[in-house]
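Observations on the model geometry
Now for the letters of each chain:
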Amino acid sequence: MNESLRLKCLRIALVLVGITFIAGIYLLMIVWPSGWTWHTGHSDYPLMIVGVYATLGVFLLVASRNPLAHLSLIWFTVWSSVVHGAIMAFQALASPMNHGHLMGDVPALFIVAAVLAVLTPRGQNAALA
């Protein structure tokens, strides 16, 4: 894939991930709680995590305009998604009542990390783009 096509795909991915982080996580928590919500009953956690991800989503939309100017934000999204997904995977495996997350938010974070990592130019390619 040439660098201009890769950059175009990265821009599209940033928009899609940004929109998903802004609105999709909350909707998935409502529609599919066993795969996206970690607490039952009243909890302050869901609103806090939605707030953090919605904020990140807004900044990813801004980064989509000029991804090369926002490489550190993109790599933060990649690595924080890997770390968050790994922690959640461990917790889901440790607790049978959380196994639904292994089909929901856990793989979603790894997919986001993989897509952004593959599309983000590095080293010489970033300089050429």
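The present account deals with the structure reproduced in this document. (Residues numbered from 1 in each chain as written. Predicted model: local features only at pLDDT ≥ 70, side-chain atom pairs only at ≥ 80, totals over all residues. Heavy atoms only, no water.)

**Concerning the side chain of serine 81**
Stated precisely, the cut-off is as follows: Strands are runs of DSSP state E lasting at least two residues, helices are runs of H or I lasting at least four, and both sets are numbered from the N terminus onward. For every residue, the accessible area obtained with a 1.4 Å probe (protein chains only) is divided by the maximum for its type, and the residue is called buried under 20%, exposed over 50%, and partly exposed between those limits. The definition of a polar contact used here is a pair of N or O atoms within 3.5 Å, where within protein one atom must be able to donate a hydrogen and the other to accept one, and adjacent residues in sequence count solely through side-chain atom pairs. Here, residues are in contact when the closest pair of their heavy atoms is within 4.5 Å.
Looking at the element boundaries, serine 81 is found in helix α4 (residues 71-94). Exposure remark for serine 81: the relative accessible area of 1% places this residue in the buried category. In this structure the side chain of serine 81 is engaged in a polar contact, spanning 2.6 Å, whose partner is the backbone oxygen of threonine 77. The contacts of serine 81, once residues within four sequence positions are left out, are Phe76, Leu109, Val112 and Ala113.

**Let's talk about the packing of helix α3 (residues 45-65) against α4**
This is how the line gets drawn: Every axis corresponds to a line fitted to the C-alpha atoms, with the helix fit spanning only the stretch in contact, and the corresponding angles, defined between N-to-C directions, vary from 0 to 180 degrees. When describing relative orientation, an angle under 35 degrees is termed roughly parallel and one over 145 degrees roughly antiparallel, while 65 to 115 degrees is termed roughly perpendicular and anything else oblique. By definition, turning the near helix anticlockwise from the far helix through less than a right angle yields a left-handed crossing, and turning it clockwise yields a right-handed one. When residues are sorted by character, Ala, Val, Leu, Ile, Met, Phe, Trp, Tyr, Cys and Pro go into the nonpolar class, Asp, Glu, Lys and Arg into the charged class, and all the rest, Gly among them, into the polar class.
Following both chains from N to C, one finds α3 and α4 inclined at 150 degrees, their axes separated by 10 Å at the closest point. It follows that α3 is roughly antiparallel to α4 by the angle criterion. Viewed along their axes, α3 and α4 form a crossing whose handedness is left-handed. From α3, Ile49, Tyr53, Leu56, Phe59, Leu60 and Ala63 reach across to α4, where they touch Leu73, Thr77 and His84. The class makeup of the residues in the contact of α3 with α4 is seven nonpolar, two polar and no charged.

**Quick notes on the packing of helix α1 (residues 3-31) against helix α5 (residues 105-119)**
At a minimum axis separation of 9 Å, α1 and α5 run at an interaxial angle of 155 degrees. One finds that α1 runs roughly antiparallel with respect to α5. Where α1 crosses over α5, the two elements pack in a sense that is left-handed. Within the contact between the two elements, α1 uses Arg6, Cys9, Leu10, Ala13, Leu14, Val17 and Phe21 and α5 uses Val112, Val115, Leu116, Val118 and Leu119. The residue inventory of the contact of α1 with α5, partitioned by class, reads eleven nonpolar, no polar and one charged.

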